[in-house]
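# Chain and residue survey
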Amino acid sequence: IYHTVQIGTQCWLKENLYVGTRINGNLNQTNNSTIEKYCYNDDTVNCTIYGGLYQWNEAMQYVTNEGAKGICPIGWHLPTLSEFETLKANVNSDGNSLKAVGQGTGGGAGTNKSSFSAWLAGNNSFNSFYNLGSLTGLWGSQEFSMSYASNLDLNDYNSGIYLFYGDFKEYGFSVRCIKD
């Protein structure tokens, strides 16, 4: 069960996805009949708190069409870059308003004014875990090449909302779905 939040005209899941079977972070997620996820430091407690971490192909369920459902529930999809841009505009480019209270420090302290409630869930990069409490990456559905896809990043030290037009698909990032 996921809660939702309305931000402008968009309806978002209020939590990171937490679906699938945990696999160890030193393995790649594969195209099989099982949704696979990483839990930070291979600890299921971290998935309970922060949600799962997914490689882009797994999150998209091995399709490349922008706005794909991927691992999102029925009626939801992975956000497009345009939808991330709209989210950014709706919160006046204030990443702190997207972060949960207690996430980040100083100029990067979360206020959760938008009720998006983002946690700095870290990532899995090249088979190792990094950045818990410092960074969160949310996969978008736009593919830029065989190796790169879009994502939105928030960090702990400033209020920026960073839209990337190509991070390594092999990274394990969080997934927030947006309503169709």
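Look up: the structure comes first, before these words.
Residues numbered from 1 in each chain as written. Predicted model: local features only at pLDDT ≥ 70, side-chain atom pairs only at ≥ 80, totals over all residues. Heavy atoms only, no water.

### What about the packing of aromatic side chains?
Inspection of the entire model under this criterion finds 12 aromatic pairs. Taking 5.5 Å as the distance between ring centres and 90° as the angle between the ring planes, the aromatic pair formed by Phe-126 and Tyr-171 counts as edge-to-face. Here Phe-126, found in the loop between strand S6 (121-125) and strand S7 (128-132), pairs with Tyr-171, found in the loop between strand S10 (162-168) and strand S11 (178-179); they are 45 residues apart in sequence, far enough to count as distant. Relative accessible area serves as the criterion here: at 14%, Tyr-171 is assigned to the buried category. Through a chain of ring-to-ring contacts, the aromatic side chains of Phe-126, Trp-139, Tyr-148, Phe-168, Tyr-171 and Phe-173 assemble into a single cluster. Between the NZ or CZ atom of Arg-176 and the centre of the ring of Phe-116, over which it lies, the distance is 4.3 Å. (Phe/Tyr/Trp six-rings, centres within 6.5 Å; stacked < 30°, edge-to-face > 60°. Helix = DSSP H or I, 4+ residues; strand = E, 2+ residues; numbered from the N terminus. Buried < 20%, exposed > 50% of the residue type's maximum accessible area, 1.4 Å probe, protein only. Lys NZ or Arg CZ within 6 Å of the ring centre and 35° of its normal.)

### Re unusual backbone geometry
Even without glycine at this site, Asn-41 takes up a positive phi of about 60°. The topology assignment puts Asn-41 in the loop between strand S4 (36-37) and helix H1 (44-50). We note that Gln-61 has phi near 55°; this positive angle belongs to a residue other than glycine. Considering the arrangement of structural elements, one finds Gln-61 in the loop between helix H2 (56-60) and strand S5 (76-77).

### Digging into the side chain of Asn-16
Along the chain, Asn-16 falls in the loop between strand S2 (10-13) and strand S3 (21-22). Relative accessible area serves as the criterion here: at 8%, Asn-16 is assigned to the buried category. At 2.9 Å, the side chain of Asn-16 and the backbone oxygen of Tyr-50 are in polar contact. A polar atom in the side chain of Asn-16 sits 3.3 Å from the side chain of Ser-174. In contact with Asn-16, other than residues within four places in its own chain, are Tyr-2, Tyr-50, Gly-51, Ala-121, Leu-138, Ser-174, Val-175 and Arg-176. (Polar contact = N/O pair within 3.5 Å; in protein donor to acceptor, adjacent residues only side chain to side chain. Contact = heavy atoms within 4.5 Å.)

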